[in-house]
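Examining the three-dimensional arrangement
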Amino acid sequence: MTKSKPNLLIRLFWDLHLKIYIWSSGRIGHTIRNLPVLILTTKGKKTGLPRSKALMYLPYGNDFVVIASNLGQAQHPAWWVNLQAEPEATVQVRDEYQAVRAREADGEERERLWNAIAEKNPDYDQYRAWTSRRIPVVVLERI
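As a starting point, this report considers the structure included with it. (Residues numbered from 1 in each chain as written. Predicted model: local features only at pLDDT ≥ 70, side-chain atom pairs only at ≥ 80, totals over all residues. Heavy atoms only, no water.)

Quick look at the side chain of R133 now. Examined against the element boundaries, R133 turns out to sit in the loop between α4 (123-130) and β8 (137-142). Residues contacting R133, with those up to four places away along its chain left out, are A68, S69, N70, Q73, A74, Q75, H76 and P77. (Helix = DSSP H or I, 4+ residues; strand = E, 2+ residues; numbered from the N terminus. Contact = heavy atoms within 4.5 Å.)

Further remarks concern helix α2 (residues 78-85). Residues of α2 that are buried include every one of W79, W80, N82 and L83, and no others. End-on view of α2: buried residues confined to an arc of 160°, all on one side of the axis. In the core, the buried residues of α2 are packed alongside β2 (35-43), β3 (50-56), β5 (63-67), β6 (88-93), β7 (96-104) and β8. (Buried < 20%, exposed > 50% of the residue type's maximum accessible area, 1.4 Å probe, protein only. Arc of directions from axis to C-beta.)

A positive phi angle is found at N34, which is not glycine, with a value near 75°. Note that N34 resides in the loop between β1 (31-32) and β2.

We now examine the packing of aromatic side chains. Each aromatic ring pair is described using two quantities: the centre-to-centre distance and the angle formed by the ring planes. This model, assessed by the stated rule, comprises five aromatic pairs. Aromatic pair Y57 and F64: ring centres 5.3 Å apart, planes at 80°, arrangement edge-to-face. Across this residue pair, the class does not change: Y57 and F64 are buried. Taken together, a centroid distance of 6.0 Å and an interplanar angle of 90° make the contact between Y124 and Y127 edge-to-face. (Phe/Tyr/Trp six-rings, centres within 6.5 Å; stacked < 30°, edge-to-face > 60°.)

Space left empty within the atom packing is revealed by a probe, the size of a water molecule, rolled over the atoms. Estimates place the volume of the largest pocket at around 520 Å³. If you trace the largest pocket, you find 27 residues lining it, with K53, L55, N70, P77 and W79 closest to the centre. Broken down by secondary-structure element, the contributors of at least two residues to the lining of the largest pocket are α1 (4-23), β2, β3, α2 and α4. Per-element accounting of the lining of the largest pocket gives the leading share, six residues, to β3. Classifying every residue of the lining of the largest pocket by side-chain character gives 13 nonpolar, eight polar and six charged. (1 Å grid on protein atoms, 1.4 Å probe; cavity = no way out; pocket = protein on both sides within 12 Å on 5 of 7 lines; lining within 4 Å. Points joined across faces, edges and corners; volume = space filled by probe spheres on them. Nonpolar A, V, L, I, M, F, W, Y, C, P; charged D, E, K, R; others polar.)

Shown next, in the form of structure tokens:
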């Protein structure tokens, strides 16, 4: 099986997961593979329309850490491209909403956060092995 086939199945899973999470106000699907899940809503870079994505995250004080792995693909995920253009966004955790501002972690902070999230879910190390790009570690700071 090639890398693209499992990625298609994973993408279909996450699309369905997003709908169920929103429908249930996070009662269903709040935790997957040892990590909690949030819904990130960004402003589309090209369209300006709201774009929502379910993402596993690592709690970081009052903030959230997400990884722009895009399942190990060569290009960044659209949500990260959107955040680079407009860093303010909204997260939904269960039935609570919070305004956030995104920033990319760097240096020692990046390595510490990467290791913490990969320890809970080793898929991230696999995604890193599948791509030559530097996968961004993104901190979503509450506003």
